[in-house]
Amino acid sequence: MAEPTTQAPVMEMQHVSMRFDATQALEDVSLTLYSGEVHALIGENGAGKSTLIKIMTGVHRPDTGTLQLDGQPVHIHNSQEAQSLGIAAIYQEPMVFPDLNVAENIFISHRNRGMVMNWGRLYKDAEAILAQLDVKLDVRMPARGLTLAAQQAVEIAKAISLKVRVLIMDEPTASLSAHEVDQLFRLVGALRSQGVAILFIGHRMEEVFRIADRITVLRDGKLISSRPRREVKRDQVIREMVGREVGDFFAKTQVERGALLMSVHGLSREGVFSDVIFDVHQGEVLGFAGLIGAGRTDVALALFGIAPADGGTIEFEGKAAKIHSSKQAMNLGIAYVTEDRRGLGLSLPMSVATNISLPTLRRYLNGAGLIRRSAEQRTAEEYRDMLMIRTPSVEVEVGKLSGGNQQKVMLSKWLNARPKLLILDEPTRGIDVRAKAEVHHIINDLAEQGLAIILISSDLPEVLAMSDRVLVMREGRQMGIYDRAEATQEAIMTAAMGQHDRAVEAHA
Amino acid sequence: MNAIRRRFQPEQIRELVLLLLIVGIVLFFGTQIENYFSARTFNRISTSVAVIAVVAVGQTLVVLTRNIDLSVGSIVGFTAYVVGTQLTQHNELAPLTVVLMAVGVGAVLGAINGIIVAYGRVPAIITTLGTLAIYRTILVQISGANSVVTNELPQWLIDVPRINVWSFGDLDIRFLFMLAIVVVIVFQLVVSYLPWGRRLYAIGSNPDAARIAGFPAQRIVFMAFVMSGALAGLAGFMFLARFGNITVVAGQGIELESVAAVVVGGVSTNGGIGSPFGAFLGAILIDVLQNSLIRWLAISEFWRDALLGLLILLAVATDTVIMNRLRKLWVPHELQISDSTAVKQGGVDHAG
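Residues numbered from 1 in each chain as written. Chains lettered and ligands numbered in written order. Predicted model: local features only at pLDDT ≥ 70, side-chain atom pairs only at ≥ 80, totals over all residues.

**Comments concerning the packing of helix 4 (residues 72-89) of chain B against helix 12 (residues 254-264) of chain B**
Residues and elements named next belong to chain B. Put simply, the rule is: Orientation is described by lines fitted to C-alpha atoms, with helices fitted over the stretch in contact, and by angles between N-to-C directions that extend from 0 to 180 degrees. The helix count covers DSSP runs of H or I at least four residues long, the strand count covers runs of E at least two residues long, and both are numbered beginning at the N terminus. Here the angle decides the label: under 35 degrees means roughly parallel, over 145 means roughly antiparallel, 65 to 115 means roughly perpendicular, and every other value means oblique. A pair of residues counts as a contact when their C-beta atoms, built from backbone coordinates, are within 7 Å of each other. Side-chain classes are defined by residue name, with Ala, Val, Leu, Ile, Met, Phe, Trp, Tyr, Cys and Pro counting as nonpolar, Asp, Glu, Lys and Arg as charged, and the others, Gly among them, as polar.
For the pair helix 4 and helix 12, the least separation of the axes is 6 Å and the interaxial angle reads 130°. Viewed along their axes, helix 4 and helix 12 adopt a mutual orientation that is oblique. Of the residues in helix 12, those in contact with Val 72, Gly 73 and Val 76 of helix 4 are Ile 254, Glu 255 and Ser 258. Its residues assigned to classes, the contact of helix 4 with helix 12 comprises three nonpolar, two polar and one charged.

Laid out in structure tokens, this is it:
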């Protein structure tokens, strides 16, 4: 691998801060990118990595702080401007146009290629760029059907065609196989030797340590450290990533664990997750920790029958259960509060009351089969009081409420189904501190009432504070179940990032 | 302002605005067209509204689920012709049998749409564009380009359009108009009080959430198409009664008028928003415009359609602007304030 050159920086961010409403996304972050250097940026979910990328690509403008390119201050207003300055980004999911061929994809952002397509030249130029990268691809082949790695190669070629100087790679390896990762890293090496500055965002420690020349850690929007790779150790980096205060969190009251409610054995869904084994008891909060994309939500979707498992067994209340549809799951007494409020959760144009009664409409019919609106409203009012939903009336459209209140409406909707097992998927994402604390209280109360709860959260301190036990997943596999006493931030993060595997404990 | 806000939702205000718009248009044409304010005008327009309104109610059900039914015009023509020929051959058929036959034929044609869209997962716009042409072609084939003519129809049918349910002075509420009003009321109740109706909204506003809530989404969409077909069938009967003479082009253009009525009436083409009552108002607006423009001597025949189109566009555009304004007024900042008392007193700042 080429040594990083010690020359003037290509790009510098100085004292950049950015705030979204209540959240300080970035606070006084300075970052320097050198030509021919791979700069790894790591941090937990929500540490501010995405905001940083968006500032560099002109999607966001920072509240304070400056960006410099070759020592000159620049203001980037949109991603086209970023491109013309030589800053490009590629993402986990490559954005290729499936119906265009490889060459067209490479040159899609070029505007000055004349009035009439010169196909011969297009193909020749495309081949030249791919040759530079030592990639063998038929440039006349449509992008549809290319492997993810090949699509990424196309994206990288596209960046090169735009004379990229700073390339941001946002978790490019997340969905690649080991072999494809090797291929990608060869490309990264080629780019580096051509003098491109690369900002590499990754979650897998060993990859970061393999490819990076410099490692920067972000936590809660602050820059924690930025050092050459050979000066840092892995466990040191992990400690820096997780060093958040748990003290702010409301801790779950310990309740006597009730009877066994559900046992899951070897639950799998091909290509998504495999061999998930756990028990959950009444009155217990089982946390699901892991990085985004670790397969936690997929397990939840399987338990709720939306994307059913294709292997393993589920025992519910001592009886073998088959869950192939959400209806079956609901009949068993399972409810799932999705992380995707807008997409999967609520019908935004409909009122609070009608949203709450939607899955349980049958309960609100009178003898003639008509909906009793007054009963519906009574229920909605009850939940409004109980969960402190702030809305002028239960007839207001849900879409008009704030995120935290929408979350509570969703919770009401599923609590009203009177479940025995409640699966909460990121219940506090994107809601303000106060609403968060309220949701934590609600979880606590529900567990005390004997409900079994599976809590999926990417907020590590939250999972630790709220759970009796924590199940950690990584890339579709269960890395272990930790009791409250042994579940430290370091232990969980280490498991989630794959430092060492831990024997799966089914019956902790 | 605050009291108004608590009492009404933006949608209700939209309906009020629509009503005012209709009144405004009527007043305008009153100054332009001689003898406009007459019982004849009212009776003519009300009978013609009746047909469109019934189709528009069916269209509403489909559009609420984020689909569209473009075949309704063909279904109206098809049922009008089929029922008409049956009647010319069997003059003795009982009125109720005839109506049920029309509704049944329409429902079957609607069911074909429904199967293809809900179970075949073909986009509704493609499906019903196809069946629009197919139903019409079948009609041409079975009719052999013959027409149903009035004097072969039983007398009771010819009398139907002239049946009065009610009279205020010269103004008659005709049976057909009354029938349309009954349809509107029934379906307004259906969408508000039947689980099936509620689920139409749920599916249209968020199909994925509906799936998660465990609905039989396909069956509900299928039924929406069946209902749309059945109502178009009923409209076919009304069409037959109104005109008596049915050619193979009968009902052509109704699909567009019904879509226009639904959209003008505030039903969102993205599904989940709107009501049969709104569509009814939309139908009135469209039909008043159409009938008045025909009699307005100031514009030539050639410009009539263009003007109608322009007015529809204008209505929808204004509506969008007004609704956005209203929604902003209604989306109060006080909802974001984390204190529940703020909700009760809030909103003064935004009331202007």
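**Here's the deal with the interface of chain B and chain A**
The interface of chain B with chain A comprises 21 residues on the first partner and 28 residues on the second. The set of elements that each furnish at least two residues to the side of chain B that touches chain A consists of helix 9 (195-205), helix 10 (207-212) and helix 15 (340-345) of chain B. If one sorts the elements of the side of chain B that touches chain A by residue count, helix 9 of chain B sits on top with five residues. Class assignment for the residues of the side of chain B that touches chain A results in 12 nonpolar, seven polar and two charged.

**A word on unusual backbone geometry**
All names here are of chain A. Keep this limit in mind: Note on burial: count the other C-beta atoms lying within 10 Å of the residue's C-beta; 20 or more is buried, 12 or fewer is exposed, in between is partly exposed, and C-beta positions come from the backbone.
A positive phi is found at Glu 171, a non-glycine position, where the angle reads about 45°. As for its position among the elements, Glu 171 is in the loop between strand 7 (166-170) and helix 6 (178-193). Taking the C-beta count within 10 Å as the criterion, Glu 171 has 19 such neighbours and is therefore assigned partly exposed. One non-glycine residue, Glu 426, adopts positive backbone phi at about 45°. Tracing the backbone through its elements, the reader meets Glu 426 in the loop between strand 17 (421-425) and helix 15 (433-448). Classification of Glu 426 by C-beta neighbours within 10 Å gives buried; the count is 22.

**As for the domain arrangement of chain A**
Think of interface size as the accessible area that goes away when the parts come together; that is how it is often given. As a reminder, the rule being used: Here the limits of each domain have been adopted from an automatic or database domain assignment.
Here chain A is partitioned into domain 1 (9-242), domain 2 (248-333 + 419-508) and domain 3 (350-418). Summarising the inter-unit geometry, the C-alpha centres of domain 1 of chain A and domain 3 of chain A are found 45 Å apart.

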